[in-house]
Amino acid sequence: MPDENIKNAADATAIFCMPSADATVPDLMGSTRPGYPTLSILKGPQTGASFVLDAPEITIGRDPSSSVFLNDMTVSRRHAVLRIDGSSARIEDLGSLNGTWVDGAIVKSAPIVDGSTIQVGTFRMVYHTTRPQRIATGE
């Protein structure tokens, strides 16, 4: 019996995890921080698109002149406005048909912070004041 345990241990699959600090996988953006907050689309027709929020007032809507142009019929022409004042930000619904949602709750006006999710029509977006961090994988 002892010989069987040795054989099974030798046949076991070993999993190798690359250390995150390994020099072969450099973090090229490690020291870079965005100068402005960003709004990234997580779900919707423009998934993956990001908008740099480089003005104190950002308009969100289906109107092509909007700072954040969301081309979908579920979005009102002038849907919402995002006001950024230093390190604080607030979103205000402009009487849209489908409403504006922040972190799962419908709002008329609400503060947003780094990581807040914003839903406008079929678009789900995330607001970031800093570069998004890597998702922990448990390694």
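In what follows, the structure referred to is the one given above.
What you are looking at is a predicted structure, and each value in this text was computed from that prediction instead of being measured.

Rules behind the numbers
- Every chain's residues receive numbers from 1 upward, in the order its sequence appears when written.
- Whole-chain, interface and lining totals are the exception, using all residues; otherwise, since this is a predicted model, local features are given only for residues with pLDDT of at least 70 and side-chain atom pairs are given and counted only at 80 or more.
- Excluding hydrogens and water, the side-chain values take into account all heavy atoms of the structure.
- Numbered from the N terminus, helices here are DSSP runs of H or I no shorter than four residues, and strands are runs of E no shorter than two.
- Only protein chains enter the accessibility calculation, which uses a 1.4 Å probe; a residue is then buried when its area is under 20% of its type maximum, exposed when over 50%, and partly exposed in between.
- Salt-bridge detection follows one rule: a side-chain nitrogen of Lys or Arg within 4 Å of a carboxyl oxygen of Asp or Glu.
- Here, a strand pair is defined by DSSP locating no fewer than two bridges between the strands.
- Between N-to-C directions, angles span 0 to 180 degrees; the directions come from axes that are lines fitted to C-alpha atoms, helices contributing only their stretch in contact.

**Considerations on the environment of Ala105**
Consideration 1: Along the polypeptide, Ala105 turns up in strand β8 (residues 105–107).
Consideration 2: Ala105 sits in the partly exposed class, given a relative accessible area of 36%.
Consideration 3: Separated by 14 residues in the primary sequence, Ala105 and Gln119 have C-alpha atoms spaced 9.3 Å apart.

**A closer look at the pattern of salt bridges**
Consideration 1: All told, the structure shown has two salt bridges when counted by the stated rule.
Consideration 2: Between Arg83 and Glu57 there is a salt bridge whose closest N-O contact spans 3.3 Å. Taken together, the positions of Arg83 in strand β5 (residues 80–85) and Glu57 in strand β3 (residues 57–61) put the pair 26 residues apart, joining distant regions of the chain.
Consideration 3: You can call Arg83 partly exposed: its relative accessible area is 38%.

**Re the sheet that holds strand β1 (residues 38–43)**
Consideration 1: Read from one edge of the open sheet, six strands run β2-β1-β11-β10-β7-β8, paired in antiparallel fashion. Two strands close off the open sheet at either side, each with one partner strand: β2 (50–52) and β8. Geometrically, the sheet is characterised by an average inter-axis angle of 30° between neighbouring strands, direction not taken into account.
Consideration 2: Relative to β8, strand β7 (residues 100–102) runs antiparallel, the two sharing three bridges. Note that in β8 the partner of Trp101 across the bridge is Ile106.

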